[in-house]
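# Architecture and fold: a report
Each chain is listed here by its residues.
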Amino acid sequence: MQRSKLWARLKSWEALLFIILCVVIFVNLRLSSHYLDLNNLANIFHLSIEKSLMVLIMAFVIINGEIDLSVASIMALGATVLAERYEAGWSIAAGLALALLVGLGCGLLNGLFVAYMGIPSLIVTLAGQIGYRGAARIILEDRSVGDFPKWFTSLGQDGFIGPFPITSFLFLALFILGLVVLQYSVFGRYVYAIGNNRAAAEYAGINAKQVKVTLFMLSGLIAALAGACYAARLGNVRANAAEGFELDVITIVLLGGVSIFGGTGTMLGVGLSLLVVLNLRNGMSLSNVDGNTQTSVVGSLLILSVLIPNWMQRLQRLLSHLFAKNPKLFNRGGAAEPKSPVSVHQ
Amino acid sequence: MRRVRRLVPLQRLRELSLVLILIIVIVIFGNQIDNYYTPRTFNRISSTVALITLVAVGQTLVLLTRNVDLSVGSMVGFTAYYLGRHLSKTEDMSPMVLAAMAMGIGGAMGLINGLLVAYGRIPAIVVTLGTMAIYRGALVRYSDSKSVATRELPPWIKDLPQETLYKFGEYELRALPGIALGAVIIFFFILLYSSFGRRLYAIGSSPEAAHLAGIHAPRMVTLAFTLCGALSGLGGMVYLARFGTITVEAGRGLELQVVAAAVVGGVSITGGSGTVLGAMLGAILIGTLEQSLIRMQINEFWKDAVMGLCIIVAVSVDRILINQLTPWWSRTELQRMPEEPHAEV
Amino acid sequence: RAQDDPEPIKAEPGADLDMVLLPKTLGNAVFDEAHEGAMEADEELENEGDLIFNAPTPDNAIPGQIEIIEASITQEVDAIMISANDYEQLLPSTQKAMDDDITVVTWDSPVAPEGEDLFIAQVDFTEVGSVMANMALDILGEEGGQFAILSATPDASNQNAWIEAMKALLEEDDTYANLELVDVVYGNDDPDDSYNEALGLVDSYPDLELIMAPTTVGIAAAAKAMQDEELCGEIAVSGLGLPSEMQEFVENGCSQEFALWSFKDLGYLTYYVSYLLATDAMDAEEGVTFEAGRMGTYTIEADPNREGGLRVLMGPFSLYNADNLEEWAAGGDEGATVEATEEAN
Amino acid sequence: MTADPLLEIRNVSKQFGATKALDSVSLTLYPGEVHALLGENGAGKSTLIKIMTGIHQPDSGEILLQGHPISLHNSAQAQKHGIAAIYQEPLVFPDLNIAENIFISHQRRNPLVRWGKLYRDAEKVLAQLGVALDVRALARGLPLAAQQTVEIAKAISMDVRVLIMDEPTASLSIHEVKQLFALVRNLRKAGVAILFISHRMDEVFEIADRVTVFRDGQFVSMAPVAEVTPERAIRDMVGREIGDIFVKEPSPRGDVILSVKALSREPRFRNINFELHAGEVLGLAGLVGAGRTDVALALFGIAPAHHGHIEYLGKEVHIHSPKQATQMGMVYVPEDRRQHGLVLPMSLMANISLPSVKNYRNQFGMVQHHKEAATAEHYRQQLSIRTSSLSMPAGKLSGGNQQKVVLSKWLNTKPRLLILDEPTRGIDVGAKQEVHRLINDLAQQGLAILMISSDLPEVLAMSDRVLVMREGQQMGIFERHEATQETIMAAAIGQSVEKPVERAAEYA
Ligand SMILES: Nc1ncnc2c1ncn2[C@@H]1O[C@H](COP(=O)(O)OP(=O)(O)OP(=O)(O)O)[C@@H](O)[C@H]1O
Ligand SMILES: Nc1ncnc2c1ncn2[C@@H]1O[C@H](COP(=O)(O)OP(=O)(O)OP(=O)(O)O)[C@@H](O)[C@H]1O
Ligand SMILES: [Mg+2]
Ligand SMILES: [Mg+2]
C-alpha cells in the first residue's frame with residue numbers, strides 16, 4: 001500500500017515536471033556560464049512577471065472548465081488606464097485603484113456573459129480580447145505615456161532583495177495564496193467540482209454561476225495588476241502592450257497538467273511548468289536561439305511530456321502482461337490519469 | 001407543430017437563427033453605409049471569407065470529435081510557402097496537381113496531429129499548440145526566413161482570385177469562394193449522410209458511449225485531423241493565390257479566427273454538435289462585421305472596440321433566439337403505446 | 001552625409017567583438033537584407049567575434065526584444081544594433097546595456113536619445129514625406145485627385161512621423177494644392193488586413209485614384225488587391241516597397257512608382273558605426289566624421305527630430321519605376337541601387 | 001439444456017489496483033436460456049460483463065464461444081461475435097437523435113445513412129418495447145428511464161446470440177418491466193442466450209432459468225431456478241440470512257413541513273397538491289415518465305414550477321436554485337447518479353462532503369481532511385460501501401456503491417426534508433434493507449421524506465402515504481392501509497379509482 005502510494009506520487013505529473021526542470025537546469029548550466037549570474041536568475045522571473053501572474057489565475061479558470069483569452073487585452077487596458085490617469089494628474093495609487101476596478105469590471109462582463117447568458121467562454125473572451133484592447137486604443141490612441149515617478153518604476157525595475165524586484169515577491173506571495181486556495185479551500189473544491197461536473201455541483205447546492213463570475217473577475221483583476229507591473233517594468237505604456245500573451249499563458253497552464261476540459265491539475269504542477277518554460281526560454285535566449293525555435297522547442301516539450309509517460313505506461317503494461325503470473329512485480333492499472341484533484345487528499 | 005419540427009429539425013434551428021442575425025446585421029450596416037447593397041460588397045465579403053470558411057470546415061470536423069486543431073494557421077502558412085517556393089522553381093504545373101499537392105502536404109501534417117492525438121493519447125490542444133509552434137518553426141527553417149514574392153509565381157495562380165465561376169448579374173461566384181463553397185457542400189452531405197460523419201458526431205457527443213458501442217474512435221479522429229490538415233493545405237493554396245507574397249508569418253493567428261467562426265456558427269467546442277453550414281455562416285457573419293466596419297466612417301481607434309461589441313451582441317442575440325425557440329422543437333414524450341403488441345407470449 | 005572633413009576616422013579590422021543585430025521581428029524581408037549588409041561588413045572588418053542575428057516573433061515583439069537585450073547583457077556582448085519596436089519601452093534595458101559599457105546603436109527605428117549611442121537614420125523623416133508627396137504628384141499629375149494612405153499600425157511611430165511630414169508639406173506647399181488626402185487607414189502590417197483595408201478604401205471613395213502605402217507589407221498587399229479586382233488602370237499604388245516584391249506589379253501596371261532605401265546598406269553602415277564605437281575608435285559625438293567602407297564617409301550630426309539625439313543619416317532614397325526595375329532585376333540579388341532621384345519633380 | 005454451451009467463461013480473474021474484482025470465476029451460457037447473475041454490490045458482476053464485451057481484458061482465464069477460445073479487445077469485436085450488452089449505466093449520445101442512438105452500432109455495415117428508413121425502424125423497435133419516443137428528438141436531457149429504454153432498444157436491434165443485461169430494470173416500473181420480459185421471452189425462444197443481472201428478486205425468479213451467485217468476486221453457486229429459493233439465493237449472496245422485507249415502523253405524524261398547492265409546470269405536471277409532515281414518508285408512485293422527477297426538480301429549484309404555491313415550515317417560499325433549497329434544509333437525491341449525483345473523478349470522501357464542505361473548515365478557511373475522512377468512514381460502515389480506500393475516485397466504484405455514496409452525501413447535510421428519487425436503484429438486497437432502516441430512523445427523528453420509487457414493494461413497505469401520478473397528473477393519495485399493489489397500479493395506469501381522486505380534489 002505504502003509502496004504503491006509512493007509509486008503513484010513518483011509517477012505523478014508533478015514529478016515528471018520536476019525531472020524535466022532538473023534536466024533543463026542542467027543543460028543550461030552546461031551551455032552558458034552566465035546562467036547562474038544573480039542578475040540572470042532575477043531576469044528569468046522579472047522579464048515574464050506579467051505572464052507568470054496571469055498563469056496563476058488562468059489555472060483556476062481552466063480547471064473550472066472555462067478559458068480566458070482576454071487577459072492580455074485587460075492587462076493592456078489596465079496599464080493604459082493607470083498611465084492615462086497618472087498623466088491626467090491623479091496619483092499612482094488612485095490610478096492603480098481605477099485600473100484594478102476596470103480589470104474587475106471587464107472580468108465581470110466576461111463572467112456574466114459566460115455564466116448567465118451561457119455563451120461559450122471561448123467566444124466571450126475572444127470578443128473581449130478584441131474589445132478591451134479596443135478600449136485601450138480609444139484611451140491612448142497612438143500615444144505612449146510614461147514619465148512615471150521614479151519610485152514607481154523602480155518597483156518594477158530595481159532589486160528589492162538582491163537583484164529581485166518586489167514584483168517577484170508579489171508573484172511568490174500570490175502563488176502561495178493560489179496554491180492554498182485551490183488545493184485546500186472550499187472555494188478551490190468548488191472550482192474542481194464545477195470543472196468536473198457542473199450539473200452535479202449545482203445539484204449539490206453550489207452556485208456555479210457565482211463561482212464562474214468570481215473567477216473571471218479575479219482573472220480581470222490579476223490581469224490589470226499585471227498591467228501595472230508592466231507599466232512599472234517598462235516605464236511606459238502603449239495600447240498594444242502584451243499582444244499575444246494569452247497563448248503563452250495557456251501553454252504554461254496546460255503543460256502544468258491542467259486539462260483543457262476542466263477538473264484536473266494542481267497549482268504545484270502549474271508552478272513547476274512555469275519554472276520549466278521560463279528556464280528553458282532563458283537558456284535558449286542565452287544561446288541566441290531565435291523566438292520561433294524557442295516556441296517550437298516549448299511546443300515539442302509540451303507534446304513529449306505527455307507522449308513519453310504514455311508510452312512508458314504502455315510499455316509497463318506490456319511487461320506486466322508478460323509477467324502476469326507475478327502481478328505484485330508491477331503496479332498495474334489504476335494510474336491511467338497521473339493527476340487528479342483528489343491527490344490532495346492522499 | 002409536429003410537422004414543422006419534422007421539417008426543421010433542431011440542428012437546422014441554429015443555422016436559421018444565424019441567417020436571421022446576418023440579415024439584421026446587413027440591414028443595420030446598409031443603413032449606415034452608402035453604396036452598401038452592391039454586388040461589390042457581396043464579392044468583397046465572399047472573397048474574404050473564403051479562406052476562413054475553407055479552414056473552418058476542416059476545423060469543424062475536428063471540433064465535432066471533441067478535439068481542436070490550433071495548428072491550422074501554421075499548416076496554411078507552411079503549405080502556402082512550400083507551394084510558392086515550388087512554383088517558383090518548376091516550369092509549369094496544372095492547378096489540379098498543385099491542389100493535390102497542397103492537400104497532400106496539409107494532410108500529412110494533419111495526420112501527424114491525428115496520430116499524436118488518437119494513438120499517442122495526448123489532448124488535442126496540447127498536441128496542436130505544440131505543432132502550431134513546430135510547423136511554424138519548420139517553415140522558418142525551411143524558408144530561412146525568406147519570402148516568396150509575387151513575381152516568382154506563374155500567372156495562373158495570381159489570377160485565380162479574379163477567376164469567376166458563375167455570374168449572376170454583377171454578383172460573381174469567384175474561384176476561391178467557389179472552392180470554399182464546394183468544400184462546405186461536400187462535407188455537409190458527408191456529415192449528414194455518411195456513417196463516417198455520424199460517427200464523428202457520436203465520438204464527440206460521448207466518447208465513453210462510443211467506446212461501448214464499439215466505434216473505433218482513434219481511426220475516426222485521425223481521419224478528421226487528416227482532413228482538417230488537407231483542407232488547411234488547400235487553404236494554403238488559396239492564401240498563396242490571394243496574397244502572392246508569402247512570408248514566414250503567413251497564416252499566423254488564423255487559428256483563432258477559424259475556431260471563432262466555427263463556434264459562432266454553433267459548432268460546440270465540447271464536441272458532438274454543429275454543422276459545416278453553421279461554420280460557414282459563422283465565418284460570413286464575422287467577415288461581414290469586419291468588412292462593414294472597414295467601410296464605416298468611424299475613428300480608427302474605435303474600430304476594435306466596436307468589433308468586440310458587435311461579436312458579443314450578435315452571439316448574445318443568437319443565444320436568446322435559440323433559447324426561445326428550442327423548447328418548441330425539442331420535446332420527447334415517453335408515451336406508452338395504445339396497444340401492446342407483445343403483451344402476452 | 002559625407003561632407004568635407006579632411007580626416008575621417010577609419011576602422012581597424014580584426015577586433016574581437018560580439019555584436020547583436022536585433023531587428024523588429026523575424027520574417028520581414030527587409031531585415032534579412034539588413035542582415036546581409038551587416039554580414040558583409042562583418043567579413044570586411046574581419047571581426048573575430050560573433051555576429052548574432054536574433055529577433056522576436058511578431059506576437060511577442062516588445063517583450064521579446066527586451067528579453068534579447070537582457071540576454072545580450074548577461075552574455076556581455078560588445079554592441080547591440082536595434083531596430084526598436086517601441087520608442088520608450090525598451091529604454092530600461094538599453095540603458096542598462098549602456099551602463100554595462102555595451103554600445104547601443106539603433107537603426108531603422110530609434111529609441112529615445114538617452115537609451116542609445118546614436119541612430120542610423122535611413123533617410124530624413126521629413127524627406128520621406130516629401131518623397132511620398134512627390135510620387136503622388138507624379139502619378140496624379142498637375143490636375144491632382146483623391147488619394148488615401150494605407151499605413152502599418154495606428155501606433156507605428158515611424159510611419160506616423162512620415163505621414164505627418166507629408167501632411168504638413170501638402171498644406172504648406174502650393175505645388176501639391178490639388179492633391180486631396182481623403183483617409184488614412186491601417187493594415188497592421190498584416191497582408192490580410194492590408195488587402196481588405198485597401199479594398200475598403202476603393203469601396204468608400206469612388207473617386208479614389210491612388211493608394212499610398214508607406215510600408216512594404218501594405219504596398220504589396222494593396223497592389224495585389226488592385227490586381228485581383230482588376231482596378232490596376234484606375235487606382236495606382238505607391239509608397240515604400242521592396243523592389244523584389246513590387247517588380248511584378250510595376251510590370252503589370254498596378255504600381256508605377258515606389259521608393260525605398262537600401263536595407264542592405266543600412267545594415268552595412270550600422271555594423272560599421274557600431275564597430276567603430278565598440279572598438280573605441282570613435283566617440284558618439286556631434287561632428288565626428290568617419291569612413292564606412294564601400295559607402296564612403298559620414299558625419300555624426302544632431303538629430304533634428306529628437307532633441308538631444310545623434311544620428312548618422314544614410315540616404316539616399318531609391319525611386320523605382322518600370323525603367324530602372326529591369327536594371328535592378330538584371331543586377332539580381334546584388335541589389336544594385338538605382339541612385340538618388342529625389343529631384344524627380 | 002441439451003444443446004452445447006454457447007459461451008463459456010473459464011477461470012477469469014481481474015484485479016483493479018488493490019481490488020480483486022474477479023477471482024477465477026466461471027460461467028456457462030446455453031442458447032435459449034435466461035441466466036441470472038446475482039451478487040452484492042461490488043461482487044464483480046459488471047466487471048465480468050465488461051470482460052465479456054471486450055471493454056476490460058482479463059488478467060487470466062479465457063472465454064470460449066461455441067467451444068473456440070476468443071479474445072476480445074474492444075466491443076466492436078464482441079459485437080462481431082454476436083455479443084451485445086445493456087450496461088448498468090445508460091450511456092446515450094446526447095447530441096444524436098434517438099433513432100441514431102439505437103442504430104449507431106449498425107452503421108459499420110452500411111456506409112450511407114438513410115434517414116427515412118432509420119426513423120421507421122427505430123419506431124418499430126420502440127414499439128416492440130411498448131413505448132413511443134420522438135425518434136427525431138435529440139437524446140440530450142432524456143430522463144433516465146427513457147435513456148434505459150433507448151439502451152434496451154439498441155441492444156435488441158442487433159442480431160445477437162448472447163445478450164447481456166446489467167440491471168436493465170433498475171429504473172423501470174412494473175409496466176415497462178412486463179414489456180421487457182415479453183421481449184426477453186421471445187428472444188429466448190429464438191435461441192438467444194441471455195445473461196440477466198438484477199437486484200430485484202421477484203424479477204429474477206420470474207424470468208430466469210438458472211441462477212448464478214457471486215460473492216466478493218468469487219463464484220459461489222449455480223443452480224436451476226427450480227432448485228433455489230429467494231432466501232437461499234440471498235444467503236449465498238451476502239453470506240448470512242436476511243430477514244423479511246423491512247417495513248417502516250409507524251412514527252408520530254408531526255407538524256406540516258411542506259405544503260404544496262396546485263403546483264404546475266406545463267407540460268410536465270399540473271395541479272399537484274399534498275402536505276408532508278415531519279416524521280412521515282410520502283411515497284411518490286407512478287409509471288416511468290409520470291412526471292414524478294419533475295415535481296421533485298420543481299421543489300428543489302432546478303426547474304421551478306410555473307404556477308402554484310409551496311409552503312415550507314409554514315412560510316410561502318419561491319425556490320429558484322438548489323443552493324437556496326439546500327440552505328433551507330431541503331435536499332434532493334437525484335436519480336441519475338452519474339450526471340447529477342457524483343463528481344466521478346473526485347474521491348469518494350470529497351463527494352460525500354461536497355454539499356456540506358463548508359462545515360469542514362478550520363479557522364483559516366481550509367478544509368480539514370481528517371474530518372472529511374471521519375465522516376466518509378462513518379457512512380462507509382453504516383451503508384457498507386465497498387471500496388479499497390476513501391480516496392478512490394467515485395467513478396471507479398461499482399454502481400450500487402456509487403448510489404450509496406450519493407445517499408451518504410445528502411444524509412450528511414442533516415436536512416429537514418429529504419427528497420429521494422429512486423434511492424435504492426442498483427442497491428443489493430442487504431444494503432437495501434440498511435437504507436430502508438436508515439430512512440425509517442430518519443423519519444423517527446422527525447425528518448419529512450418524499451420518496452420517489454418505481455419499486456412498488458419498496459413504496460408499499462416504506463410509505464406512510466402514497467401519492468400516485470399519471471402523465472403529469474395527481475391520481476390520488478392513498479393512506480397506508482388503502483395502498484396495495486392493485487390500487488396503486490390501477491391509479492398509475494389510469495383506471496378509475498374513486499375515493500382517492502375525491503380526496504385530491506379536497507386539497508385543490
Ligand atoms: N475501473 C476500476 N478501477 C478500480 N476499481 C474498479 C474499477 N471498476 C470496478 N472496480 C471495483 O471492482 C469491484 C467490482 O465492481 P463491479 O462494478 O463489477 O461490481 P458489481 O457486481 O457490478 O456491483 P453493483 O451491483 O453495485 O453494480 C468493485 O469493488 C469496484 O470498486
Ligand atoms: N429533459 C427532458 N427532455 C425531454 N423530455 C423530458 C425531459 N424531462 C422529462 N421529460 C418528459 O417529461 C415527462 C416526465 O418525466 P419524468 O422524468 O419527470 O418522469 P418520472 O415519473 O420521474 O419518471 P421516472 O420514473 O423515469 O423518473 C416524460 O414524458 C419525459 O419524457
Ligand atoms: Mg454493477
Ligand atoms: Mg424519475
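Here's a quick rundown of the structure. (Residues numbered from 1 in each chain as written. Chains lettered and ligands numbered in written order. Predicted model: local features only at pLDDT ≥ 70, side-chain atom pairs only at ≥ 80, totals over all residues. Heavy atoms only, no water.)

## A look at the state of the cysteines
Here, disulfide denotes a covalent bond that connects the sulfur atoms of two cysteines. Formally: The term disulfide is used for any two cysteine sulfur atoms that are within 2.5 Å. Labels follow the DSSP assignment, with helices taken as runs of H or I lasting at least four residues and strands as runs of E lasting at least two, numbered in each case from the N terminus. Between buried and exposed lies partly exposed: a residue is buried under 20% and exposed over 50% of the maximum accessible area for its type, with that area taken using a 1.4 Å probe on protein chains only.
Using the criterion set out here, one finds one disulfide over all chains in the structure. Disulfide partner of Cys232(C): Cys254(C), at an S-S distance of 1.8 Å. Taking the sign of the S-S torsion, about 75 degrees here, the bridge from Cys232(C) to Cys254(C) comes out right-handed. Here Cys232(C) is found in the loop between α7 (216-228) and β9 (236-239), whereas its partner Cys254(C) is found in the loop between α8 (243-251) and β10 (257-260), with 22 residues between them in sequence. Of the residues examined, Cys232(C) reaches a relative accessible area of 16% and is grouped as buried. Cys229(A) provides the cysteine sulfur closest to Cys106(A), a residue in no disulfide bond, and the two sulfurs are 17 Å apart. Accessibility expressed as a relative area gives 7% for Cys106(A), which makes it buried.

## Observations concerning the pattern of salt bridges
We count it as follows: What counts as a salt bridge is simple: a side-chain nitrogen of Lys or Arg found within 4 Å of a carboxyl oxygen of Asp or Glu.
Summed over all chains, the structure comprises 56 salt bridges over all chains. Across the pair Glu87(A) and Arg143(A) runs a salt bridge whose closest N-O atoms are separated by 3.0 Å. Highlighted residues: Glu87(A) in helix α5 (residues 71-87) and Arg143(A) in the loop between α7 (121-140) and β1 (145-146), separated in sequence by 56 residues. Overall, the relative accessible area of 35% leaves Arg143(A) in the partly exposed class. As a salt-bridge pair, Arg232(D) and Asp236(D) come within 3.7 Å of each other at their nearest N and O atoms. Placement of both Arg232(D) and Asp236(D) in helix α8 (residues 230-238) is noted, with a separation of four residues, approximately one turn of the helix. For Arg232(D), a relative accessible area of 27% translates into the label partly exposed.

## Some remarks on the site of ligand 1
All names here are of chain D. As a reminder, the rule being used: It suffices for a single heavy atom of a residue to lie within 4 Å of a molecule or strand for the residue to be listed as near it. The term polar contact refers here to a pair of N or O atoms within 3.5 Å; inside protein, the definition further demands a hydrogen-donor-capable atom paired with an acceptor-capable atom, and it admits residues adjacent in sequence only when both atoms are side-chain atoms. Per-residue and other accessible areas follow the Shrake-Rupley method at a 1.4 Å probe size, with only the shown protein chains counted as cover for residues.
Taken together, 21 residues sit near ligand 1, with Gly 42, Ser 46, Thr 47, Ser 398 and Gly 400 positioned nearest. One of the backbone N or O atoms of Ala 43 is found 3.2 Å from an oxygen atom in ligand 1. Considering ligand 1 on its own, with 640 Å² of exposed area, one finds that the protein chains cover 90% of that surface. Where the shell around ligand 1 is concerned, the elements lending two or more residues are β2 (19-29), α1 (45-52) and α14 (399-411).

## Describing the pairing of strand β4 (residues 60-65) of chain D
Remark: a regular strand shows side chains that alternate across the two faces of the sheet. All names here are of chain D. Formally: We treat two strands as partners when DSSP finds at least two bridges between them.
The pairing of strand β1 (residues 7-16) with β4 spans five bridges and is classified as antiparallel. Across the sheet, the residue bridging to Leu 7 is Leu 65, located in β4. Relative to strand β5 (residues 68-70), β4 runs antiparallel, the two being bridged by three bridges. Paired with Ile 63 across the two strands is Ile 70, which belongs to β5. Remark: two residues form the turn of the hairpin made by β4 and β5, two consecutive strands paired antiparallel; Gln 66 in that turn has positive phi of roughly 50 degrees.

## Things to note about the sheet that holds β5(D)
Residues and elements named next belong to chain D. Counted only if it meets this: Note on geometry: axes are lines fitted to C-alpha atoms, helical ones only across the stretch in contact, with angles between N-to-C directions running from 0 to 180 degrees.
Strands sit in the order β2-β1-β4-β5 across an open sheet of four strands; the sheet is antiparallel. The open sheet is flanked by β2 and β5, the only strands paired with a single partner. Put simply, the sheet's adjacent strands are angled 30 degrees from each other on average, direction ignored.

## Quick word on the coordination of the magnesium ion (ligand 3)
Residue and element names in this part refer to chain D. The cut-off we apply is this: Donor atoms (N, O, S) are those found within 2.8 Å of the metal centre, with the cutoff raised to 3.2 Å for Na, K and Ca; water is not part of the atom list, so apparent gaps in a site can occur.
Only Ser 46 (OG) and Gln 88 (OE1) from the protein coordinate the magnesium ion (ligand 3), and they sit 1.9 to 2.1 Å from it. Of the two residues, Ser 46 sits in helix α1 while Gln 88 sits in the loop between β6 (83-86) and α3 (98-103), which places them 42 residues apart along the sequence. The class for Gln 88 is buried, based on a relative accessible area of 10%.

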